[in-house]
Amino acid sequence: MSDKYTDHKGRPIIVVTGMGAVTSLGQGIEDNWQALTSGTSGIHKVKRFSTEGLSTHIAGTVDFMQPEEISAPGISYAMADSTTEEALTTAGYGRDGFPGPLYFAAPPVELEWQHRFDLMARSDTGEPGYERLLASAREHKQEKMHDLIQLGTIAFQLAEKFGTKGLPISLSTACASGATAIQQGIEAIRRGDTDAALCVASDGSVTAEGLIRFSLLSALTTQNDIPEKASKPFSKDRDGFVMSEGSAALVLETLEHATNRGAKVLGVVRGVGEKADSFHRTRSSPDGFPVITAISAALEDAGVTAEEVDYVNAHGTSTPENDRMEYNSLHAVFGDHIHDIPISSNKSMIGHTLTAGGAVEAVFSFLTMHNGVIPPTINYDNPDPDIPLDVVPNKKRDASVSTILSNSFGFGGQNACLVFGREAA
Amino acid sequence: MAANNHEVWITGIGLVSCFGEGAELHWNTLGGTKAPAPIIDTEVVAPYAVHPLPEMDWSVQIPRRGDQRQMENWQRLGTYTAGLALEDAGLKENEELCASMDLVVAAGGGERDIETDNSIMQDAMSSNDREKLILDRLPSDLRPTLFLAQLSNLLAGNISIVHKVTGSSRTYMGEEAAGVTAIENAVSRIASGQSTHLLVGGSYNADRPDALLPHELGHFLYRGKGEGIHERQANGGGMRMGSVGAFLVLEEAEHAKKRGAKPYAKLSGVASDLGSRDKDKSSSRLSGMADKLDLTENGPDAVVSGATGVSDATSIEFEFLKQQFGDGLATRAYGTEIGQPLEANFPAGVALAALALKHDGFYPPFEDGENPAPQSVSKILVTAIGHFCGEGMAVIEKA
């Protein structure tokens, strides 16, 4: 293997050759990028179900797909199918299969209320409740419903349809899942297990119960009046995230593999860092140690100094705690230099796509470098004085960006940070 | 480039099943001359039979009551069993090695609030606006922290919090395949030098109607009582779910030697695949996996089988084993004894194989129709053929 194909640690250089995205802003890379750079919000009043009496009525639902069924697994699959197809097409992989494994960041799926009521209606046996649900299932086999709510199903179906190799991995690291899917691809390629990996993430789990659960944890914004203004990362009056849906897919392969097959390189995956937090189920260690460690590890892994990072794609959820913690941790790693680096949150426009977030934002990061345009943090009308960052407020900015740090943090102490480059270093 | 030649040792086992807790307890119970009658509860989720959770004193491994309260039983079971594995490996409360230890958990979805669900379904019978009913009831009836007991990755989160395992943390999902991919990934990382010590496993709580429902939808549950995996096949087959926690400490051999840790066994290789359950295609995939594990020339001395009891998958597996390795192979379908623990199935099989190798023995037949154990066993094949898809195999050998 020649030097031009290996990185500073002698490992194969990993590039991205295909990408796909679906968010509340639209289907496909083009629509998303157009909306993202024009500062458009995809957040709206929820139409899928009634929100009467709830404290949050808004979300970034994806209402334009045609899923087989309107349910978390149904919508998640439809989006994942779309982004995978787009990514493989861009990468030049046809229907002959993909020469590597699938890493799928899978949404939480389970039986939903519509399914329970459907089962209840099919039987009179036993007391209403689980007794009757089980009786109903005994009396009438529900193969489709069974398949739908197995946690591995979406990945199994994607693997079979698109012909990826072997047993796919369905994973969850909560709101860091999208980044973890990419991390798994990086690690597999570096191990020499494969020359290429398909990394997909999808989350279509905005249901009434989903919204209520996050509300009960006080995680969501209640600024319902003007939905498109509700997600305001780094603003003083931010009060929670907006629950959203989306999917992204990325084709990772070694530079050598991409070069040999004449594929166009869209960007370079330079490094990844991870550190778990043992402090609390939903909150980060007050000293920021795990996040600081994850960021530092990502830079070290990528062989990049803090000075070389010229844009940060923030986790930036718009919760009071996350944005402050993210700033403090970045400041600890970058020092005052962080105040000179543009940093924006795509979530100001697309909300928090949860399981899909890290992958969606990775796709947007590659577009940022490729187009030389930084998408803004919109709704930045009331800066938080404690977070003195250049958040690329409200309007996109033309800039030559060659190295990006992208952060993802999740409940359960999950912290995963990725470093991307425009060209092979 | 990765070398992929580091030897992977199993240096700690945590195991909880209907028989009780601890690796040694399981060897003492299952490894004698005659297999025990399985412990089966026909009341906890009647009319189904399950291998129930044994009586547990959670505070032994989860000392803070606040931590216990934040979990439901599948998480308590997993967190508890992870603690047993760490203790067994001599790593519990070793702050430095836990802080650098990687964590891979095979997890399903969490548990529901049965009382709340049942009550809403009862009220729904007389409601003409069910959407409104849900909106009225859930915000007040759901415990705010229940969500955290439902997120798949929060088992890993709880293990980090309670046992301070924080090197890295990934949760794999997808029923039996979750356990297979978790162990396969763990082994690859250690073999390639990406990790030196790692905690991997899963847990499953069968004692709940909401856990059984997804399987009954596909008619995968066995409707009879105490029949073993083989015997069940005459009655149409099916799964009898079992509450199990199974965690392993995997360690790069040199890393273990340096700290004076003894291995149960070495994990020589893992293979997995996915495809249609057409009989010929499945067989050829299983042969391919055996080939990848170098079993074609040198077969295993015995098999610890994760057969679920579901007819299609079980007959495909048993026929493959017979064809590939001959009639006389000693195969132990442990589902007969501890039930089918879904995500924890493969980790439990690997644990049982490692235990036998450490004790220089094997298990007696778990039911009629299983061949007697051979004189000496130094290489065991562990299988996990998912009840509806996904397949895994591991080779465990004397270290």
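Residues numbered from 1 in each chain as written. Chains lettered and ligands numbered in written order. Predicted model: local features only at pLDDT ≥ 70, side-chain atom pairs only at ≥ 80, totals over all residues. Heavy atoms only, no water.

Another aspect to go through is the overall build of chain A. When helices and strands are tallied, chain A shows 13 helices and 15 strands. For 425 residues, the compact-globule estimate of 2.2 N^0.38 gives 22 Å, and chain A sits close to it at 21 Å. If one aligns the C-alpha atoms of chain A with their principal axes, the spans along those axes are about 70 × 50 × 40 Å. Sequence separation of at least 24 residues holds for 77% of the intrachain contacts in chain A that already meet a minimum separation of 6. Only carbon and sulfur atoms are counted for the fraction: they give 48% of the accessible area of chain A, which is about 13600 Å². Where the 34 positive side-chain charges of chain A centre and where its 54 negative ones centre are 1 Å apart. (Helix = DSSP H or I, 4+ residues; strand = E, 2+ residues; numbered from the N terminus. Rg over C-alpha atoms; globule rule 2.2 N^0.38 Å. Contact = heavy atoms within 4.5 Å. Areas by Shrake-Rupley, 256 points an atom, 1.4 Å probe, with all protein chains shown as cover. Lys, Arg positive; Asp, Glu negative; His and termini not counted. Charge placed at Lys NZ, Arg CZ, Asp CG, Glu CD.)

Within chain B, the regular secondary structure consists of 16 helices and 13 strands. Compactness check: chain B gives a C-alpha radius of gyration of 21 Å against a globular reference of 21 Å for 399 residues, within 12% of the reference. Taking as baseline every contact in chain B between residues at least 6 positions apart, the subset at least 24 positions apart corresponds to 78%. Surface exposure of chain B reaches about 13300 Å², of which carbon and sulfur atoms provide 45%. Across chain B, the mean location of the 34 positive side-chain charges is 2 Å away from that of the 54 negative side-chain charges.

Applying the stated rule across the entire model yields twelve aromatic pairs over all chains. Ring plane angle 80° and centroid distance 6.1 Å describe the contact between Phe320(B) and Phe325(B), whose orientation is recorded as edge-to-face. Phe320(B) sits in the buried class, given a relative accessible area of 3%. Of the residues examined, Phe325(B) reaches a relative accessible area of 18% and is grouped as buried. An aromatic cluster is built from Phe214(A), Phe241(A), Phe411(A) and Phe147(B), whose rings are joined through pairwise contacts. One cation-aromatic arrangement involves Arg130(B) over Phe117(A); the distance from NZ or CZ to the ring centre is 4.7 Å. (Phe/Tyr/Trp six-rings, centres within 6.5 Å; stacked < 30°, edge-to-face > 60°. Buried < 20%, exposed > 50% of the residue type's maximum accessible area, 1.4 Å probe, protein only. Lys NZ or Arg CZ within 6 Å of the ring centre and 35° of its normal.)

Before going further, it helps to spend a moment on the nonpolar core. Among the nonpolar cores identified, the biggest contains 192 residues, and Leu267(B) and Ile396(B) are the most heavily contacted of them. In terms of residue count, helix α16 (residues 345–358) of chain B provides more of this core than any other element does, ten residues in total. Two domains share this core, each providing at least three of its residues, namely domain 1 (14–109 + 151–421) and domain 2 (115–147) of chain A. Residues in contact with Leu267(B), not counting those within four places in the same chain, are Val8(B), Ile10(B), Ile183(B), Val187(B), Leu250(B), Val350(B), Ala394(B), Val395(B) and Ile396(B). One finds Ile295(A), Ala306(A), Ile338(A) and Ile341(A) within the second-largest nonpolar core, a separate group that totals 27 residues. (Core = buried A, V, L, I, M, F, W, Y, C linked by side-chain atoms within 4.5 Å. Domains from an automatic or database assignment.)

To continue, consider the interface of chain B and chain A. In this assembly, 83 residues from chain B lie in contact with 76 residues from chain A. When chain B packs against chain A, the two sides together hide about 6800 Å² of surface, and 65% of this comes from carbon and sulfur. Ranking the residues of chain B by area buried against chain A places Met121(B), Met173(B) and Leu217(B) at the top, with a combined share of 11%. At the boundary of chain B with chain A, the tally comes to six salt bridges. Glu187(A) is the partner of Arg170(B) in a salt bridge, and the nearest nitrogen-oxygen pair spans 2.8 Å. Listed by contribution, the elements that provide at least two residues to the side of chain B that touches chain A are α5 (114–124), α6 (130–141), α7 (146–150), α8 (154–163), β6 (168–173), α9 (175–192), α10 (209–217) and β9 (265–273) of chain B. A class-by-class count of the residues in the side of chain B that touches chain A yields 37 nonpolar, 31 polar and 15 charged. Examined bridge by bridge, strand β6 (residues 169–172) of chain A and β6(B) share three bridges and lie antiparallel to one another. By the bridge assignment for β6(B), Ser170(A) is matched with Met173(B). (Buried area = accessible area lost by both parts, 1.4 Å probe. Salt bridge = Lys/Arg side-chain N within 4 Å of Asp/Glu carboxyl O. Nonpolar A, V, L, I, M, F, W, Y, C, P; charged D, E, K, R; others polar. Pairing = 2+ DSSP bridges.)

What follows covers the environment of Glu112(A). All names here are of chain A. Along the polypeptide, glutamate 112 turns up in the loop between β5 (102–105) and α3 (113–121). Judged by relative accessible area, glutamate 112 falls into the buried class, the value being 12%. In the structure, glutamate 112 is positioned 264 residues away from proline 376 in sequence and 36 Å away in space, judged by C-alpha atoms. When neighbours within four sequence positions are excluded, glutamate 112 is seen to be in contact with Ser71, Ala72, Pro73 and Thr207.

The next thing to look at is the domain arrangement of chain A. Segmentation of chain A into domains returns domain 1 (14–109 + 151–421) and domain 2 (115–147). For domain 1 of chain A versus domain 2 of chain A, the separation of C-alpha centres amounts to 37 Å.

What follows covers the side chain of Ser71(A). All names here are of chain A. Considering the arrangement of structural elements, one finds serine 71 in the loop between β4 (58–59) and α2 (72–91). A polar atom in the side chain of serine 71 sits 2.7 Å from the side chain of glutamate 69. Setting aside chain neighbours within four positions, we find serine 71 in contact with Glu112, Gln114, His115, Leu148 and Gly204. (Polar contact = N/O pair within 3.5 Å; in protein donor to acceptor, adjacent residues only side chain to side chain.)

The next point concerns the pairing of strand β15 (residues 414–421) of chain A. Residues and elements named next belong to chain A. Of all the eight residues making up β15, eight are buried; the element is thus mostly covered by neighbouring parts of the structure. Side chains Gln414, Ala416, Leu418 and Phe420 project from β15 onto one buried face, and the interleaved Asn415, Cys417, Val419 and Gly421 project onto a second face that is buried too. Note that strand β14 (residues 403–410) and β15 share eight bridges and pair antiparallel. Counterpart to phenylalanine 409 in the pairing with β15 is asparagine 415. Counting the residues in the hairpin turn of β14 and β15 gives three residues, including glycine 412, whose phi is positive at 90°.

Between Ala46(B) and Pro47(B) the backbone carries a cis peptide bond, its omega angle lying at 10°. In this fold, Pro47(B) is placed in the loop between β3 (41–45) and β4 (48–50). The backbone of Asn394(A) sits at a positive phi, close to 65°, despite the residue not being glycine. The topology assignment puts Asn394(A) in the loop between β12 (373–374) and β13 (397–398). The phi dihedral of Asp360(B) falls on the positive side, at around 60°, and the residue is not glycine. Mapped onto the elements of the fold, Asp360(B) is located in the loop between α16 and β12 (379–385). Its relative accessible area of 54% is what places Asp360(B) among the exposed residues.

Once that is clear, we can look at the pairing of β6(A). Residue and element names in this part refer to chain A. Side chains Ile169 and Leu171 project from β6 onto one buried face, and the interleaved Ser170 and Ser172 project onto a second face that is buried too. Here three bridges tie β5 to β6, and the two strands are oriented parallel to one another. When the sheet's bridge partners are listed, alanine 105 is paired in β6 with leucine 171.

Attention now moves to the environment of Met56(B). Residue and element names in this part refer to chain B. With respect to the element layout, methionine 56 can be found in the loop between β4 and α2 (65–69). Classification of methionine 56 as buried rests on a relative accessible area of 15%. Along the backbone, methionine 56 and valine 16 are 40 residues apart, and their C-alpha atoms lie at a distance of 9.5 Å. Aside from chain neighbours lying at most four places away, what touches methionine 56 is Val16, Glu21 and Tyr80.

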